[in-house]
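This is what each chain is made of:
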Amino acid sequence: MASPTPAQFRAVHGDMGHWQAVDFEVYEHLVENQYVVGPPPRPQPAERPDRTPPPGPRSHD
């Protein structure tokens, strides 16, 4: 489900004078998310598994 735009949120929730604290919190996040600046994060390469064998019992020479 997509998040509403700030304008859609205001249209549904009416006059800001009647909002509760949680309404302002949600609205703030919607506005912040609308103005995200910068390129998307680059995918990180998958980590290679450690190829060394696990330590086993030591031989007594």
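Higher on the page you've got the structure.
Computed from a predicted model, the values in this text were never measured in an experiment.

### Looking at the packing of aromatic side chains
- Taken as a whole and assessed by the stated rule, the structure comprises four aromatic pairs.
- A ring pair is formed by Trp-19 and Tyr-27, whose centres lie 5.3 Å apart and whose planes are at 65 degrees; its orientation type is edge-to-face.
- Taking relative accessible area as the criterion, Tyr-27 reaches 14% and is therefore assigned buried.
- A connected cluster of aromatic rings, assembled from ring pairs, spans Phe-9, Trp-19, Phe-24 and Tyr-27.

### A few points about the packing of helix α1 (residues 6-13) against helix α2 (residues 21-34)
- Here α1 crosses α2 at 160 degrees, and the two axes come no closer than 9 Å. Relative to α2, α1 is oriented roughly antiparallel. For the pair α1 and α2, contact is made by Pro-6, Phe-9, Arg-10 and His-13 and by Asp-23, Val-26, Tyr-27, Leu-30, Val-31 and Gln-34, respectively.
- Residue composition of the contact of α1 with α2, by class: six nonpolar, two polar and two charged.

Rules behind the numbers
- Residues numbered from 1 in each chain as written.
- Predicted model: local features only at pLDDT ≥ 70, side-chain atom pairs only at ≥ 80, totals over all residues.
- Heavy atoms only, no water.
- Phe/Tyr/Trp six-rings, centres within 6.5 Å; stacked < 30°, edge-to-face > 60°.
- Buried < 20%, exposed > 50% of the residue type's maximum accessible area, 1.4 Å probe, protein only.
- Axes fitted to C-alpha atoms, helices over the stretch in contact; angles between N-to-C directions.
- Helix = DSSP H or I, 4+ residues; strand = E, 2+ residues; numbered from the N terminus.
- Parallel < 35°, antiparallel > 145°, perpendicular 65-115°, else oblique.
- Contact = heavy atoms within 4.5 Å.
- Nonpolar A, V, L, I, M, F, W, Y, C, P; charged D, E, K, R; others polar.

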